[in-house]
Amino acid sequence: MDRRDFLRRLCLLIASTGMTGGMSAAAWARIIHKDYDASRHYYGMGIDVDKCIGCGRCMQACKTENAVPAPPFYFRTWVERYVIKTDRSVTVSTISTEGVQPTDGIVEKDMVRSFFVPKLCNQCAHPPCVQVCPVGATFTSDDGVVLVDTKRCIGCRYCIQACPYGVRYLHPVTRVADKCNFCYHRLVRGLLPACVEVCPTQARLFGDLKSVASPLGRFVRMNKVHVLKPYLNTDPKVYYANLDGEVN
Amino acid sequence: MEAVQHFTELAKQVVGFIYPNEIEIHWSILIVVYPYITGLVAGAFILASLVKVFNVKELQPTYRLALLTALAFLLIAPLPLQLHLGRPERSFEMFLTPQLSSAMAMFGFVYLWYLMVVLLLEIWFEYRRDMIVWSGEATGVKKWALKILSLFSTDVSEKAVAFDKKTVKIITVIGIPSAFLLHGYVGFIFGSIKANPWWSSVMMPVVFLFSAIVSGIAIVMLLYMIVVPLRGGKIDMQCLDKMASFLFYAVIVDFSIEVLDFIHRLYESEESIKILSALVETKLFMSLVILQILLGMLLPLGVMVVIRVFKLQEEVRKLLYFVCGLLIQLGIFSTRWNVVIGGQLFSKSFRGLTTYKMELMGIEGLLVAVALLIIPFVILAVLLNLLPPWKKEELARTT
Amino acid sequence: MKFLQKLPEQALRILVVFVILATGMLLVRQFVIPADMKDMTLIQTATMEREADKEAKYAGAAVCVQCHEKQQEIKRGGYHRDLSCESCHDAAQKHADSPTEVKPVSPRKRDYCVYCHSYNASRPTGFPQINPDTHNPRKPCITCHNPHNPKPTQPPRSCAACHAQIERTKAASYHAQLACTVCHTTPEKHKTEPRTVTPTKPDKREFCGKCHSEGKGAKGVPTVDMATHGEKYVCWQCHYPHMLGGI
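This write-up is about the structure you can find in this document. In this text the structure is predicted, and so the values were computed from the model without any measurement. (Residues numbered from 1 in each chain as written. Chains lettered and ligands numbered in written order. Predicted model: local features only at pLDDT ≥ 70, side-chain atom pairs only at ≥ 80, totals over all residues. Heavy atoms only, no water.)

1. Notes on the overall build of chain C
For chain C, the count of helices and strands is 11 helices and zero strands. Ordering the α and β elements of chain C from the N terminus gives α-α-α-α-α-α-α-α-α-α-α. Relative to the 2.2 N^0.38 estimate, which gives 18 Å for 247 residues, the radius of gyration of chain C is 36 Å and therefore markedly larger than a compact globule would have. For chain C, with 247 residues in total, the buried portion stands at 26%. A sequence separation of at least 24 residues applies to 48% of the contacts in chain C between residues at least 6 apart. Put simply, chain C shows about 16400 Å² of open surface, and 61% of that area lies on carbon and sulfur atoms. Counting 34 positive and 24 negative side-chain charges, chain C places the centres of these two groups 4 Å from one another. (Helix = DSSP H or I, 4+ residues; strand = E, 2+ residues; numbered from the N terminus. Rg over C-alpha atoms; globule rule 2.2 N^0.38 Å. Buried < 20%, exposed > 50% of the residue type's maximum accessible area, 1.4 Å probe, protein only. Contact = heavy atoms within 4.5 Å. Areas by Shrake-Rupley, 256 points an atom, 1.4 Å probe, with all protein chains shown as cover. Lys, Arg positive; Asp, Glu negative; His and termini not counted. Charge placed at Lys NZ, Arg CZ, Asp CG, Glu CD.)

Written out as structure tokens, the structure is:
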């Protein structure tokens, strides 16, 4: 809110206090997006590591959909490539939005196993970023998505320090914290997050944990699933199938 | 485009793997300056409280100086935080909707409490009688400044002065836990981040506290040795020796706690130990092993042992105390650096190290940091002028 | 009130200052600051609303098929059936809004297909991958493959077409000279329906024993006593036959 805005509000104050103050949360919720009711959903994502081909389409789509600063830095989602070699060393790299670079000097006979791991905000049920935000500008909405209030974030970057997964960054233009929000604007329209939409191999699945039948429901039923850094007690809602122990 | 170039440059210095968003260090030199400054505040206040609460008579000459030092630094303490915000104009939000679960949200309240209820009140009661007297002697702006500062009170009767003294003592008693709170809480800001193994430690507030006491005593000692001769007085050696002995014990306690923390980490040898060892051995070797431990702790400790054992001459003692004070300041500043910057140099994937390239000119650059460290001394000079800590006869007194 | 009278004059002064400051701040917060700057419910709903109102750039596959039925029909039966249109044609909400003015992109060059289909050892085995340098270099992929229903132009001649990683590992191993089909019986249909008809793996120890049991091995081939070595396990449960040294 800018200064003029604040002053204008100040003038309208006496008239409006009664009105806005008297409006119930449910009433506000209704005008969000026609008949979208956040409290009836609880979103999560499933990622099947064995299906990811490291094409980088999700990274590209995310940047397009959410106007994330152009490459090479800052990502709301990215894909890591793990190579575990015969000498037990682990080489990790972030693939580029142009997909994996084929020439990396790694020879197949030195490889024990190798795979790609897509990463994004885990939308934790106990998010450390929400806990530490001094002004409450980041919060969990009723549908389980951790959102950032770009109008009130002061850019102290405490949340970036608190996130164990490195998914947050300071947006270089707005100078406030930014991160994946499951493409919130798409969810309320009944669309899939952009990364899920374009994933060519269904390595990413999206769904509503409150819904009886959703792709995610089947995913967590049919797979042994794991979350990232479970010992930190953040309770992520991004579930991984076939995740390797080296991934953190 | 410039930013991209800057980051590409940084990316070349990354060792191993970091999460892509970790390319940027988020808490810069300003956040190093902030705990350093609040540490000085808390430490100086603890020194002052030694006089009032624990009746250490020898330290009386440093009492008012310590209070004014604490105030001068406390006034600047919020500035580095404010300047480092992405949106500094929104900092007031912290008072509108403070998030009670956030250690940082409590900053404003702890700060206000300490500034208004502890420090300003104590200084006011301590100086009230003198301000009334001085306003009678002074003329012009200074006269009115003193009158306003004393809130136009006029009562200098014995009964009123006795009340002042009693109040000062009570405030100091409240002040000690408050000073602990002020700096322990700064430690908690770091110590409570479970995502970061370099920070996440229950010892963090304690380490912060004792390093604060060390730096606070040392800065008052340095200031005492500079300001008294400048005002034409003579340094009270008894006071200086006493201060140095408190400093000596404080350093020992601080050192022990840090060593305990270190051994504990090494012995438990958790998941993060490999990357933390790599961090200490490479990126932090200079600032942690050389500056913080060798030059900032062990060397001053050794010098102070030498002073005590060999009963050196007054002049030599003064010189050595001064050098110790400077070394300790350097050491404590390195401590802050190693916590704040060190904690961000390794990836939370525990697979790589990144680099901090300090700006020179920018708002989060070196020059601003230096300016922030100089301003308190300017404020202190003004305060010393307006509210002299020593009376003429005290300065002239020889030991 | 009696307590106040007992206080010395200076204490009263400072008390007044503090009370004024404190009430002043409280009053400002309570009455001057508008509710939508301090009421968390209002603030959060406003944020959700703001996020929800953002413009979507990807229209979603459901929108595309409303007009492009023909492509959908072709796509439905092929390997690309699960691929969203916008995976290749890029964000198309603008095109959906004004179909004639804005046209989505259609990648026609080789460099797009290789995002997914160039060989990389980390890709799951069985995923069709080619080496862009040797696979009909410089020819656009779409001259041979219909992107809406891509098929190999002919059934793959070598196993390496899909199993390049195994092929490359094997090439450096002692089994380099053995064809895949020596150990894996591969039905012809596997070439056209790779996931439904799968090749076999040797299920008996005796299969490996043909070369590696004592007395049978050719010169230089390591042998073991099949009666005592390995007990109940099939050989490939411990030895990786594609790897150098077979370990």
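2. Some thoughts on the interface of chain C and chain B
Taken residue by residue, the interface counts 17 residues in chain C and 20 residues in chain B. Between chain C and chain B, the buried area comes to about 1400 Å², and carbon and sulfur atoms account for 73% of it. The tally of links from chain C across to chain B stands at zero salt bridges. Where chain C meets chain B, there are seven residue pairs in polar contact (both at pLDDT 80 or more). Among the secondary structure elements, those contributing two or more residues to the side of chain C that touches chain B are α2 (9-32) and α3 (40-52) of chain C. Sort the elements by how many residues they give to the side of chain C that touches chain B and α2(C) lands first, with 10 residues. Looking at the side of chain C that touches chain B residue by residue, the class counts come to 12 nonpolar, one polar and four charged. (Buried area = accessible area lost by both parts, 1.4 Å probe. Salt bridge = Lys/Arg side-chain N within 4 Å of Asp/Glu carboxyl O. Polar contact = N/O pair within 3.5 Å; in protein donor to acceptor, adjacent residues only side chain to side chain. Nonpolar A, V, L, I, M, F, W, Y, C, P; charged D, E, K, R; others polar.)

3. What about α3(C)?
One turn of an α-helix holds 3.6 residues; hence residues three or four places apart share an orientation. All names here are of chain C. When the terminal C-alpha atoms of α3 are compared, their 18 Å separation across 13 residues agrees well with the 18 Å that a helix rising 1.5 Å per residue should span. Those residues of α3 not exposed but buried are L42, I43, T45, T47, M48, E51 and A52. Where α3 begins, the capping side chain belongs to D39, and its oxygen is found 2.8 Å from the backbone nitrogen of T41. (Expected span 1.5 Å × (residues − 1).)

4. A closer look at a nonpolar patch on the surface
Residues M358(B), L360(B), M361(B), L366(B), L367(B), V370(B), I374(B), V378(B) and V382(B) make up a contiguous nonpolar surface patch of roughly 800 Å² in combined accessible area. Turning to its location among the elements, L366(B) is positioned in helix α14 (residues 366-386). (Patch = residues over 30% accessible without salt bridge, like charges linked within 9 Å, V, L, I, M, F, W, Y side chains within 5 Å.)

5. With respect to the interface of chain C and chain A
Contact residues are listed per partner, giving 48 residues for chain C and 60 residues for chain A. For the pair chain C and chain A, the summed buried area comes to about 4600 Å², and 62% of that belongs to carbon and sulfur atoms. The largest contributions to the chain C side of the interface with chain A come from M48(C), Y58(C) and Y115(C), which together make up 14% of the buried area. The tally of links from chain C across to chain A stands at one salt bridge. Among the salt bridges present, the one from R50(C) reaches D149(A), with a minimum N-O distance of 2.5 Å.

6. Remarks on the nonpolar core
Grouped together as the largest cluster of nonpolar side chains are 145 residues, with contacts concentrated most on F190(B) and M243(B). Looking at this core element by element, the count peaks at 18 residues for helix α2 (residues 29-52) of chain B. Contacts of M243(B), omitting those with residues within four sequence positions, involve L47(B), L59(B), T62(B), I217(B), V220(B), M221(B) and Y224(B). With 47 residues, the next largest nonpolar core counts C58(A), F139(A), F206(A) and V247(A) among its residues. (Core = buried A, V, L, I, M, F, W, Y, C linked by side-chain atoms within 4.5 Å.)

7. A look at the packing of aromatic side chains
Throughout the structure, instances matching the rule amount to 25 aromatic pairs over all chains. Here the aromatic rings of Y158(A) and W27(B) are separated by 5.5 Å at their centres, their planes lie at 35 degrees, and the arrangement is tilted. Taken together, the residues Y158(A) in helix α5 (residues 158-162) and W27(B) in the loop between β1 (15-16) and α2 connect one chain to another. Look at Y158(A) and you get buried, because its relative accessible area is 0%. The buried category is assigned to W27(B), whose relative accessible area is 2%. Geometrically, the ring pair formed by Y36(B) and F333(B) is edge-to-face, given 5.2 Å between the ring centres and 85 degrees between the ring planes. Here Y36(B), found in helix α2, pairs with F333(B), found in helix α13 (residues 314-340); they are 297 residues apart in sequence, far enough to count as distant. Owing to a relative accessible area of 21%, F333(B) belongs among the partly exposed residues under this scheme. (Phe/Tyr/Trp six-rings, centres within 6.5 Å; stacked < 30°, edge-to-face > 60°.)

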